[in-house]
Amino acid sequence: MKIHENFVELISQKRRLFLILFLIFNILSVIGIFKIRIDTDLALFMPENSSAMTEYEKMGEYFSNVDQLIFVIKSSQRNETGVLQEFLEIQKGIENIDGVQFVSGPLPPMIPSGLSVKKIEQVDEDNSNLIMNYIDRMGSLKSLYIEEDGYYGFFTINPDPMIATVTAGEILEYVKSTGLDYYNSGDVYLQSSLFEYILQIIFFIPPFAIFFLLLIFRWKLGNLKSTILSILPAGIGALWTMGLLGWTSLELSAITVLSPVFTIVMGSADGLHFMSHIQDEIEKGSSLKKALKETLMRVGWPMILTTLTTIAGFMSLFVVQSAPMRQLAMTASIGIALAGFATWFFLPVICIGLKTIGKSSKKTNERFDPVTPILKKSMGKKSIILTILICTLFLPGIFLIQTDLNMINIYKERTEIRKSMDKISEISGGAIPMFVEIETETDPLLPENAEQVILLERELAERGISQKAVSIYNIFATLNSLFFGADEDTYPKNMIQVNLMYNLLTSNQPQMVETSILRDQNISRIVIFPKNLSNEILTELTQIAEDYSTEKIKFHAIGIPFMMKEMNDRIMPDQVGSIFLAVMLVFALMIVTLRSIKMAFIAIVPLAATLISLFGFMGYASIDLSIITSTIASITIGVGIDYSIHLTSLFKQFLKEKTSKEAARLAFEYVEKPVIANALGLALGLSALLFSPLQFHTYMSMLMWVTMLVSSFVSLTFLPTLLERFFRGKK
């Protein structure tokens, strides 16, 4: 009691000094915000020490251009000659951009003429039919598509990796300048879109979260001034966190962008408890200074503990094998800690300088508050039955959980990048290229090696895994048909024909050859456009590559989607480790604070029901467990235990003078209002993520509703019932 009295007296006497410090921190934070760096690397969603990443980088060392840019452009012309002329002009325009190494477009760079080839320099009425006939005979290699609404050209562009981002931007500007409808894809464009989406999230989502919190807190506190004061420390914590990001080497990414949102939504819990208890004390007739002392005495230590347990929930993410997840754990923990610090040190400073603190409108609240009567009626045996029923209903859903985050389903269907990828897939069969790297003991162009490659390509097509495949081998098979009249998809049988084609291509299209084969090193590759990027497709592709490998020829499926799959495969054991660590940390903190293993164990029991509900709902709703959605479990543990801490701490205080039944009732009455307000405020606050362009943010919002509703219900009904029964007759 003495500590709280001394603290209140200190802030009364040194209020001006505290306010000056407060102002300095805010100014430094605002300056830091303008120094923030944004990280859009897709490697954020990939594990550390990734074998798939190692293979991808190794292939990049061989071919130097693993990042391909994809464009599908709709022609404005309706006749074949006009279409070919328009696409040829675009193709030449892209080739003239600095940093473009190679362009594969709808028009072939050359067409057979006897046993030689003829370059296509221009298109006119005389040669347009010849070119179209050649394109039609290219089969799966053709990049000109005729749809009901017109002609579409498929462009694959290999930029210089050293200036890929700059080149991609110039290509995009050039395509826009044509005035034609276009759709684009590729790693560089995915990353640039991610940059825009991160900016949208940071500027629009936090204000929406604050607005939703104001609605809920206003409803429960019944006073606008108290509502604003309760949210103020969380807003300050978010501001300081963002400023700290700018002043340090930490970066803002699609993952860490959630840190300020978490800080606002979760950091507001202590401010809510603080203002709610001040209101209760003032309504009893206490002065403002006395109300501050009583509030700090009753909820001061629980506020510190809830801050620590929330941090513990986030810190458990350190077991996930992902550097960005550790950054999220660190930045979110810092944000929660700063919000707790602001609640303890600056909220009392602000309150003590006010003449009055608004009282709650109890009659108005009770009239529009159907929640409290329902909770009271649910206590006792009913709470036990309902908790068991909740667990029973959600438990089977746990076995339906899958892990399938990929480069396409990161984005919502309404986003431009997702619409582009879907349209490209619809027209050409694939929007994200992957690779099968081929290593041979002998010349990779030998017929026996080529036959094995073509068989693999055919297998991928027949099983619906690959919608389109491009390699030096199917190019040679097509040329074999055109030059020598061989059957379709038949590779030349003798090396004279092979070398003739190789020399022709090397002389006329050296860049195309260099992106497909390194003959001196016995290495080649296939570019594959898969049907989709699901784990099932990637697993099948990997298995087929292994099945077709022999001692003389090896196939390796490579690409960024395989890195994300590797993260998906690791996330389940990482999630188990994260939950175990979070529960252990929280349990240890509870024992230290409550000084009772029995009481700490009882207080942690509601977490089991909440976690079962979380993962059960995830399975039923087909929400994939991913590097992002896995954070909800840690958040649930950190936040869900807050309710138990406040109720159990007050129960322990009241148990000194009251029976266990009375202590449970009084503890419920003290915490019910802030717990319900915080649970609904947190769920509704994170509903702001529905406006995010990233799909997994919507999933996080849905999961937060389930966990907060279950956690608050179980903590306010089942927990007091357990405490009352296990401590009956004891003090």
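J.: Would you mind going over the overall build of the chain with me for this structure?
T.: Within the chain, the secondary structure is distributed over 26 helices and 12 strands. Here the chain, with 731 residues, has 60% of them falling under the buried criterion. Partitioning the intrachain contacts of the chain with sequence separation of at least 6 by distance along the chain shows that 82% fall at a separation of at least 24. Approximately 29700 Å² of the chain is accessible, and the part contributed by carbon and sulfur atoms is 59%. A gap of 22 Å separates the mean positions of the 61 positive and 70 negative side-chain charges of the chain.

J.: Got a minute to help me understand the packing of helix α7 (residues 187-221) against helix α25 (residues 660-686) in this structure?
T.: Here α7 crosses α25 at 155 degrees, and the two axes come no closer than 8 Å. Put simply, α7 runs roughly antiparallel to α25. Seen from above, α7 lies across α25 with right-handed handedness. Side by side, α7 and α25 meet where Ala-209, Phe-212, Leu-213, Ile-216, Phe-217, Trp-219 and Lys-220 of the first sit next to Glu-672, Lys-673, Ile-676, Ala-677, Asn-678, Leu-680, Gly-681, Leu-682, Leu-684 and Gly-685 of the second. Its residues assigned to classes, the contact of α7 with α25 shows 11 nonpolar, 3 polar and 3 charged.

J.: Quick question: what am I supposed to make of the environment of Gly-237 here?
T.: Mapped onto the elements, Gly-237 comes out in helix α8 (residues 224-247). Along the backbone, Gly-237 and Val-592 are 355 residues apart, and their C-alpha atoms lie at a distance of 26 Å. Dropping the residues within four chain positions of it, Gly-237 is found in contact with Thr-263, Gly-335, Leu-338 and Ala-339.

J.: Got a minute to help me understand helix α21 (residues 535-548) in this structure?
T.: Counting along an α-helix, one turn takes 3.6 residues, and residues three or four places apart therefore face a common direction. With 14 residues, α21 extends 20 Å between its outermost C-alpha atoms, agreeing within 8% with the 20 Å of an ideal straight helix rising 1.5 Å per residue. For α21, the full list of buried residues reads Asn-535, Ile-537, Leu-538, Leu-541, Ile-544, Ala-545 and Tyr-548. The elements touched by buried residues of α21 are β8 (434-440), α17 (447-462), β11 (523-530), β12 (553-558) and α22 (560-594).

J.: Please explain the pattern of salt bridges as it appears in this structure.
T.: A side chain of one charge can pair with a side chain of the opposite charge when the charged atoms of the two come close. Summed over all chains, the structure comprises 9 salt bridges. Between Asp-149 and Lys-74 there is a salt bridge, with its nearest N and O atoms 3.5 Å apart. Here Asp-149, found in the loop between β5 (144-147) and β6 (150-159), pairs with Lys-74, found in strand β1 (residues 69-74); they are 75 residues apart in sequence, far enough to count as distant. A relative accessible area of 19% places Lys-74 in the buried class. A salt bridge links Glu-540 to Arg-463; the shortest N-O distance between them is 3.0 Å.

J.: I keep staring at the packing of aromatic side chains and nothing clicks. Help me out?
T.: Note on aromatic pairs: each is described by the distance of the centres and the angle between the planes. Within the structure shown, the criterion is met by 18 aromatic pairs. Residues Phe-22 and Trp-240 carry aromatic rings whose centres are separated by 6.5 Å and whose planes lie at 65 degrees to one another, so their mutual orientation is edge-to-face. With Phe-22 in helix α2 (residues 15-33) and Trp-240 in helix α8, the pair connects residues that are 218 residues apart, well separated along the chain. Among the residues examined, Phe-22 registers a relative accessible area of 15% and is labelled buried. For the ring pair Phe-476 and Tyr-491, a centre distance of 6.2 Å and an interplane angle of 20 degrees mean the geometry is stacked.

J.: So what exactly am I meant to see when it comes to unusual backbone geometry here?
T.: If you check the backbone angles, Asn-522 has positive phi at about 60 degrees while not being a glycine. One can find Asn-522 in the loop between β10 (517-518) and β11.

J.: Explain the nonpolar core here, please?
T.: Among soluble globular proteins, nonpolar side chains are generally buried collectively. Counting residues in hydrophobic clusters, the biggest one holds 220 residues, and the most contacted among them are Ile-171, Phe-262 and Phe-476. Top element by residues in this core is α25. It accounts for 16 residues. Excluding residues that lie within four positions of it along the chain, Phe-262 makes contacts with Gly-267, Phe-314, Leu-328, Ala-332, Ile-336, Ile-635, Leu-686 and Met-700. Counting residues in hydrophobic clusters, the runner-up holds 22 residues, among them Phe-7, Leu-296, Trp-344 and Leu-347.

J.: Would you mind going over the side chain of Thr-717 with me for this structure?
T.: In this structure, Thr-717 sits in helix α26 (residues 695-726). For Thr-717, a relative accessible area of 0% gives the class buried. Among the polar contacts listed, one links the side chain of Thr-717 to the backbone oxygen of Phe-713, at a separation of 2.6 Å. Once residues within four sequence positions are removed from consideration, Thr-717 is found in contact with Leu-375, Ser-378, Met-379 and Ser-383.

J.: Which parts of the structure should I look at to understand the confidence of the model for the chain?
T.: Detailed reading of predicted coordinates is not advised where the pLDDT is low. This prediction gives the chain a mean pLDDT of 83; 95% of its residues lie at or above 70. Averaged over each element, pLDDT in the chain is lowest for helix α13 (residues 362-367) (47) and highest for β12 (93). Low pLDDT, under 50, characterises residues 363-367; the predicted model gives this stretch 5 contacts beyond four residues in sequence or across chains.

Reading the values: rules and limits
Residues numbered from 1 in each chain as written. Predicted model: local features only at pLDDT ≥ 70, side-chain atom pairs only at ≥ 80, totals over all residues. Heavy atoms only, no water. Helix = DSSP H or I, 4+ residues; strand = E, 2+ residues; numbered from the N terminus. Buried < 20%, exposed > 50% of the residue type's maximum accessible area, 1.4 Å probe, protein only. Contact = heavy atoms within 4.5 Å. Areas by Shrake-Rupley, 256 points an atom, 1.4 Å probe, with all protein chains shown as cover. Lys, Arg positive; Asp, Glu negative; His and termini not counted. Charge placed at Lys NZ, Arg CZ, Asp CG, Glu CD. Axes fitted to C-alpha atoms, helices over the stretch in contact; angles between N-to-C directions. Parallel < 35°, antiparallel > 145°, perpendicular 65-115°, else oblique. Left-handed = near helix turned anticlockwise from the far one by under 90°. Nonpolar A, V, L, I, M, F, W, Y, C, P; charged D, E, K, R; others polar. Expected span 1.5 Å × (residues − 1). Salt bridge = Lys/Arg side-chain N within 4 Å of Asp/Glu carboxyl O. Phe/Tyr/Trp six-rings, centres within 6.5 Å; stacked < 30°, edge-to-face > 60°. Core = buried A, V, L, I, M, F, W, Y, C linked by side-chain atoms within 4.5 Å. Polar contact = N/O pair within 3.5 Å; in protein donor to acceptor, adjacent residues only side chain to side chain. pLDDT = per-residue confidence, 0-100.

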